[in-house]
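A structural walkthrough
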Amino acid sequence: MARYDRAITVFSPDGHLFQVEYALEAVRKGNAAVGVRGTDNVVLGVEKKSAAKLQDSRSARKIVSLDDHVALACAGLKADARVLINRARIECQSHRLTVEDPVTVEYITRYIAGLQQKYTQSGGVRPFGLSTLIVGFDPYTGVPSLYQTDPSGTFSAWKANATGRNSNSMREFLEKNYKETSGQETVKLAIRALLEVVESGGKTIEVAVMTKEHGLRQLEEAEIDAIVAEIEAEKVAAEAAKKAPATPKET
Amino acid sequence: MKLDTSGLESAAPVWGAPSELVDGFSAAPSFEVPNTTDFDGFQKEAIQMVKPAKGTTTLAFIFKEGVMVAADSRASMGGYISSQSVKKIIEINPYMLGTMAGGAADCQFWHRNLGIKCRLHELANKRRISVTGASKLLANILYSYRGMGLSVGTMIAGWDEMGPGLYYVDSEGGRLKGMRFSVGSGSPYAYGVLDNGYRYDMSVEEAAELARRSIYHATFRDGASGGVASVYYVGPNGWKKLSGDDVGELHYKYYPVMPSTVEQEMVEVAGA
């Protein structure tokens, strides 16, 4: 019986798992994705490659829901993402069946990360080439969370994070500008971070907001354009305020 | 814990034995099938042989203050009383109890197994498992062994984030949520007293007395129940054993013997 037990992911002499590191490279080439946690919502944003004229953009959604209260965005190999998302969706339902409770965000993140780790330690398979950003609300406490997993199978919780192309610049921006926000402010912060690395416009950004009451809501192109315009206006105003001479003091 | 399924492996696909990576669900346990002409009949006979008559009385009910759980302590093998001091209320963890009816070994083992699973759930998820979840875990396990001769009729009682919880789970794979249950050969007698005296707003003492009485009456009429009536209370801080009274003593407490006139006369004569 031909058993595929020849491992592909093996240690290098200096302790590296090169396949995992190459997978991280694949993630770095993937489209940018950002996630921001607010006090009452969580926002996911991804960079959209400009849609081909004949393509139905709705079939290529990049932010997907895993259950009513959990959503996921990822950067990296989209085909791998599909497989991982399907397994996660099954696990969400299986959890509901066996313990009659919805999953917590931490549980499903742990499951996805565990799956990614398994593929770094099995025969005949390669690691998944994607990092995920998982957002959602705890079904009991209603607390919003944001988690990130990567091809090595590690995961951790974040207040705001970015992955994919130019994630370092986005993360730097978030570190400088993050503060506790809620509602529309959180959405703006996420879009501002994306705009650092993406050409502006509703056509190149996909944004979704998750709230406890309404679950996941994908923003319309027009909405995104409006917010981008707002951000641009604020930027212009800030520039003008810097350049304008200080008002003379009354003598 | 896995049963030996090597005998069935020949049915597996030729290439790539079912790998852990692909399979989302774990395979149900199974065992080798014996070679008989009438397998169904053989199976029925085997089950009848193994199936003890669940000689016991256990009960549990939810009331305003929490859950009351009570049981007798007699183990019988046919007409022989093998023990009068069996612990039929099993402590799964500090806030959950299980009752034993049916095969003692089956109940004890699977409740301990459930306790392990509950603890692992706590460690992995940093929060206690709900009574709903725990009862479902047990019910799923028992369902996967359905038809293999397990005999378990248990109630899972506990207090979780949703308040008091009570589920009845049995070896046929059934699982019921409810406010009052009694399981065992003495349950009809216990139900009579329990259903008659039950009110939702009882105090802990009243509920304990109701539970004790119900067990006592069941042990009075059912030969397979007896020994000690144990009463446990499950509240927001976990379970607590309230009492364990010998049912013989309970009998004389509820129905004290009135000395008749004949005996009094004899006492006087002896004094003279």
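Residues numbered from 1 in each chain as written. Chains lettered and ligands numbered in written order. Predicted model: local features only at pLDDT ≥ 70, side-chain atom pairs only at ≥ 80, totals over all residues. Heavy atoms only, no water.

1. Here's the deal with the overall build of chain B
Of the regular secondary structure elements, chain B holds 7 helices and 12 strands. When each of the 272 residues of chain B is scored for burial, the buried share is 42%. The contacts in chain B between residues at least 6 apart in sequence include a share of 63% that link residues at least 24 apart. Total accessible area on chain B stands at roughly 15,200 Å², and carbon and sulfur atoms take up 57% of it. (Helix = DSSP H or I, 4+ residues; strand = E, 2+ residues; numbered from the N terminus. Buried < 20%, exposed > 50% of the residue type's maximum accessible area, 1.4 Å probe, protein only. Contact = heavy atoms within 4.5 Å. Areas by Shrake-Rupley, 256 points an atom, 1.4 Å probe, with all protein chains shown as cover.)

2. Digging into the overall build of chain A
On a plain count of helices and strands, chain A comes out with 6 helices and 10 strands. For chain A, the spread of C-alpha atoms along the three principal axes comes to 90 × 45 × 45 Å. Burial analysis of chain A (251 residues in total) assigns 47% to the buried set. Restricting to contacts in chain A with at least 6 residues of sequence separation, those with at least 24 account for 65%. For chain A, the computed accessible surface area is about 13,200 Å², with 53% contributed by carbon and sulfur atoms. Looking at chain A, you have 33 positive and 33 negative side-chain charges, and the mean spots of the two groups are 4 Å apart. (Lys, Arg positive; Asp, Glu negative; His and termini not counted. Charge placed at Lys NZ, Arg CZ, Asp CG, Glu CD.)

3. Remarks on the confidence of the model for chain B
Residue and element names in this part refer to chain B. In the predicted model, chain B carries a mean pLDDT of 84, and the fraction of residues at 70 or more is 81%. Every residue in residues 7-20 is under pLDDT 50, and counting partners more than four places away or in other chains gives 8 contacts. Of the two predicted TM-score estimates for the complex, the pTM is 0.78 and the ipTM is 0.72. (pLDDT = per-residue confidence, 0-100.)

4. Comments concerning the environment of Trp239(B)
Residues and elements named next belong to chain B. Examined against the element boundaries, Trp239 turns out to sit in strand β12 (residues 238-246). Taking the C-alpha atoms as reference, Trp239 lies 7.5 Å from Leu97; in sequence the two are 142 residues apart. Ignoring any residue separated from it by four or fewer positions in sequence, one finds Trp239 in contact with Glu91, Asn93, Pro94, Tyr95, Met96, Leu97, Tyr232, Tyr233 and Val234. There is a polar contact of 3.0 Å between the side chain of Trp239 and the backbone oxygen of Asn93. (Polar contact = N/O pair within 3.5 Å; in protein donor to acceptor, adjacent residues only side chain to side chain.)

5. Quick word on the sheet that holds strand β2 (residues 41-47) of chain A
All names here are of chain A. The 5 strands lie next to each other as β8-β1-β2-β9-β10, forming an open sheet whose pairing is antiparallel. Looking along the sheet, the strands with just one partner apiece sit at the ends: β8 (160-163) and β10 (215-218). Averaged over all neighbouring strand pairs, the angle between strand axes comes to 15°, with direction disregarded. By the bridge criterion, 4 bridges tie strand β9 (residues 205-211) to β10 in an arrangement that is antiparallel. Within β10, the position partnered with Val209 by the bridge is Arg217. Across the sheet, helix α4 (residues 167-177) is in contact with β1 (33-37) and β8; its angle to β8 comes to roughly 165°. (Pairing = 2+ DSSP bridges. Axes fitted to C-alpha atoms, helices over the stretch in contact; angles between N-to-C directions.)

6. Examining helix α6 (residues 221-243) of chain A
Residues and elements named next belong to chain A. Across its 23 residues, α6 extends 33 Å between first and last C-alpha, which sits within 8% of the 33 Å expected from 1.5 Å per residue. All of the buried residues in α6 are Ile224, Ile227, Val228 and Ile231. Contacts made by the buried residues of α6 are with α5 (184-195) and β9. (Expected span 1.5 Å × (residues − 1).)

7. Some thoughts on the sheet that holds strand β10 (residues 180-183) of chain B
Residues and elements named next belong to chain B. Read across the open sheet, the 5 strands follow the order β10-β1-β2-β11-β12; overall the sheet is antiparallel. Strands with a single pairing partner mark the edges of an open sheet, and in this sheet they are β10 and β12. Strand-to-strand, the axes of this sheet are offset by a mean angle of 15°, without reference to chain direction. With 5 bridges joining them, strand β2 (residues 66-71) and strand β11 (residues 228-235) adopt antiparallel strand pairing. Residue pairing for β11: Met68 is matched across the bridge by Tyr233. Where helix α5 (residues 204-221) meets the sheet, its contacts fall on β1 (58-63), β2, β11 and β12, and the angle it forms with β1 comes to roughly 155°. Taken strand by strand, helix α6 (residues 247-254) contacts β11 and β12, and its axis lies near 75° from that of β12.

8. Let's talk about the layout of surface pockets
Looking at the second largest pocket, its volume works out to about 540 Å³. Every residue lining the second largest pocket is counted, 28 residues in all, and those nearest its centre are Thr104(A), Asp138(A), Tyr140(A), Asn125(B) and Arg127(B). Every element with two or more residues in the lining of the second largest pocket is listed here: α2 (78-99), α3 (105-118) and β6 (144-149) of chain A together with α2 (104-125) and β7 (153-160) of chain B. With 3 residues, the single largest contributor to the lining of the second largest pocket is α3(A). Looking at side-chain class alone, the lining of the second largest pocket contains 11 nonpolar, 8 polar and 9 charged residues. (1 Å grid on protein atoms, 1.4 Å probe; cavity = no way out; pocket = protein on both sides within 12 Å on 5 of 7 lines; lining within 4 Å. Points joined across faces, edges and corners; volume = space filled by probe spheres on them. Nonpolar A, V, L, I, M, F, W, Y, C, P; charged D, E, K, R; others polar.)

9. Things to note about the nonpolar core
By size, the foremost hydrophobic cluster in this structure holds 25 residues, and its most contacted members are Val34(A), Val187(A), Ile191(A), Ile205(A) and Val207(A). Secondary structure elements with two or more residues in this core: β1, β8, α4, α5, β9 and α6 of chain A. When neighbours within four sequence positions are excluded, Ile205(A) is seen to be in contact with Val46(A), Lys48(A), Ile191(A), Leu194(A), Leu195(A), Val198(A) and Ile224(A). In this structure, Val86(B), Val131(B), Ala134(B) and Leu138(B) belong to the second largest nonpolar core, which totals 24 residues. (Core = buried A, V, L, I, M, F, W, Y, C linked by side-chain atoms within 4.5 Å.)

10. A few points about the packing of α5(A) against α6(A)
Residues and elements named next belong to chain A. Where α5 contacts α6, the two axes come as close as 10 Å, and the packing angle between them is 75°. Taken together, the axis directions place α5 and α6 in an arrangement best described as roughly perpendicular. Packed against α5, whose contacting residues are Gln184, Val187, Lys188, Ile191, Arg192 and Leu195, the element α6 presents Ile224, Ile227, Val228, Glu230, Ile231 and Glu234 at the interface. Classifying every residue of the contact of α5 with α6 by side-chain character gives 7 nonpolar, 1 polar and 4 charged. (Parallel < 35°, antiparallel > 145°, perpendicular 65-115°, else oblique.)

11. Structural notes on helix α1 (residues 18-29) of chain A
Residues and elements named next belong to chain A. Given a rise of 1.5 Å per residue, 12 residues ought to cover 16 Å, and the 17 Å separating the end C-alpha atoms of α1 matches this to within 8%. Among all positions of α1, only Val20, Ala23 and Val27 are buried. What you see down the axis of α1 is that its buried residues fit within an arc of 55°, all on one side. Elements in contact with the buried residues of α1: β4 (70-76), β5 (130-137) and β8. (Arc of directions from axis to C-beta.)

12. Focus on the packing of aromatic side chains
Counted by the stated rule, this structure contains 13 aromatic pairs over all chains. Here Phe18(A) and Tyr22(A) contribute two aromatic rings whose centre-to-centre distance is 5.9 Å and whose plane-to-plane angle is 15°, an arrangement assigned as stacked. Pair noted here: Phe18(A) and Tyr22(A) are both in helix α1, with a separation of 4 residues, about one helical turn. Residue classification places Phe18(A) among the partly exposed residues on the basis of a relative accessible area of 35%. An aromatic cluster is built from Phe61(B), Phe63(B), Tyr198(B) and Tyr233(B), whose rings are joined through pairwise contacts. Lying over the aromatic face of Tyr95(B), Arg128(B) brings its terminal NZ or CZ to 3.9 Å of the ring centre. (Phe/Tyr/Trp six-rings, centres within 6.5 Å; stacked < 30°, edge-to-face > 60°. Lys NZ or Arg CZ within 6 Å of the ring centre and 35° of its normal.)

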